[in-house]
Amino acid sequence: MSIIGDDGARYYLAHFQRIDPAIVPGARVVAGDYLGEMGDTGRAGACHVHFGLSLPCPNREWWVRRGVIWPSAYLAAWQQG
């Protein structure tokens, strides 16, 4: 699943066991919304959700740059405003 934030960053999540049916392309989500159940789909070795951040990408090849932003520093800066 990928979510493009109002800040232009792409929030990438993977390995869900199940995605909530209400989460469809174009759906708007906010912090705290239920997205789905953690799982071990794909090449996951254990049950978890893979989280990554990517810079805005003008074309459809965003997966090439997925996860290029280290989340901890980005989220700490976001939290501080």
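Remember, predicted model here, so these are calculated numbers, not experimental data.

### Describing the overall build of the protein
- For the protein, the helix and strand inventory stands at 1 helix and 5 strands.
- Viewed in the frame of its principal axes, the protein has a C-alpha envelope of about 30 × 30 × 25 Å.
- Sequence separation of 24 or more characterises 38% of the internal contacts of the protein that already satisfy a separation of 6 or more.
- Carbon and sulfur atoms form 57% of the exposed surface of the protein, whose accessible area is close to 6,100 Å².
- Side chains of the protein give 7 positive and 7 negative charges; the mean places of these two sets differ by 8 Å.

### Here's the deal with the pattern of salt bridges
- Taken as a whole and judged by the stated rule, the model has 2 salt bridges.
- Put simply, arginine 28 and aspartate 6 hold a salt bridge, and the shortest N to O gap is 2.7 Å. Of this pair, arginine 28 sits in the loop between strand E3 (16-19) and strand E4 (36-38) while aspartate 6 sits in the loop between strand E1 (2-4) and strand E2 (10-14), and the two are 22 residues apart along the sequence.
- The class of aspartate 6 is exposed, set by a relative accessible area of 69%.

### As for a nonpolar patch on the surface
- Residues Phe51, Leu75 and Trp78 make up a contiguous nonpolar surface patch of roughly 310 Å² in combined accessible area.
- Locating leucine 75 in the fold gives a position in helix H1 (residues 71-79).
- The partly exposed category is assigned to leucine 75, whose relative accessible area is 33%.

### Focus: unusual backbone geometry
- Here histidine 15, not a glycine, exhibits a phi torsion of approximately 80 degrees, which is positive.
- Note on placement: histidine 15 falls in the loop between E2 and E3.

### So, the pairing of E2
- Within E2, 5 of the 5 residues are buried, leaving the element largely enclosed by the surrounding structure.
- With burial as the criterion, each face of E2 is covered, one bearing Arg10, Tyr12 and Ala14 and the other bearing Tyr11 and Leu13.
- Sheet topology note: the E1/E2 ladder contains 3 bridges and is antiparallel. Bridge pairing in E2 places serine 2 opposite tyrosine 12.
- Between the end of E1 and the start of E2, which pair antiparallel, lie 5 residues, with glycine 8 showing a positive phi angle near 90 degrees.

### Comments concerning the environment of methionine 1
- Of note, methionine 1 is situated in the segment before E1.
- Taking the C-alpha atoms as reference points, methionine 1 and methionine 38, separated by 37 residues in sequence, lie 12 Å from one another.
- Not counting residues within four places of it along the chain, the set of residues in contact with methionine 1 comprises Tyr11, Tyr12, Leu13, Phe16, Ile19, Ile23 and Leu35.

### Here's the deal with the sheet that holds E1
- Spatially, 3 strands are ordered E1-E2-E5 in an open sheet, and the strand pairing comes out antiparallel. Only two strands of the sheet have a single partner each, and these edge strands are E1 and strand E5 (50-54). The sheet shows a mean angle of 15 degrees between the axes of neighbouring strands, taken without regard to direction.

Criteria and cut-off values
Residues numbered from 1 in each chain as written. Predicted model: local features only at pLDDT ≥ 70, side-chain atom pairs only at ≥ 80, totals over all residues. Heavy atoms only, no water. Helix = DSSP H or I, 4+ residues; strand = E, 2+ residues; numbered from the N terminus. Contact = heavy atoms within 4.5 Å. Areas by Shrake-Rupley, 256 points an atom, 1.4 Å probe, with all protein chains shown as cover. Lys, Arg positive; Asp, Glu negative; His and termini not counted. Charge placed at Lys NZ, Arg CZ, Asp CG, Glu CD. Salt bridge = Lys/Arg side-chain N within 4 Å of Asp/Glu carboxyl O. Buried < 20%, exposed > 50% of the residue type's maximum accessible area, 1.4 Å probe, protein only. Patch = residues over 30% accessible without salt bridge, like charges linked within 9 Å, V, L, I, M, F, W, Y side chains within 5 Å. Pairing = 2+ DSSP bridges. Axes fitted to C-alpha atoms, helices over the stretch in contact; angles between N-to-C directions.

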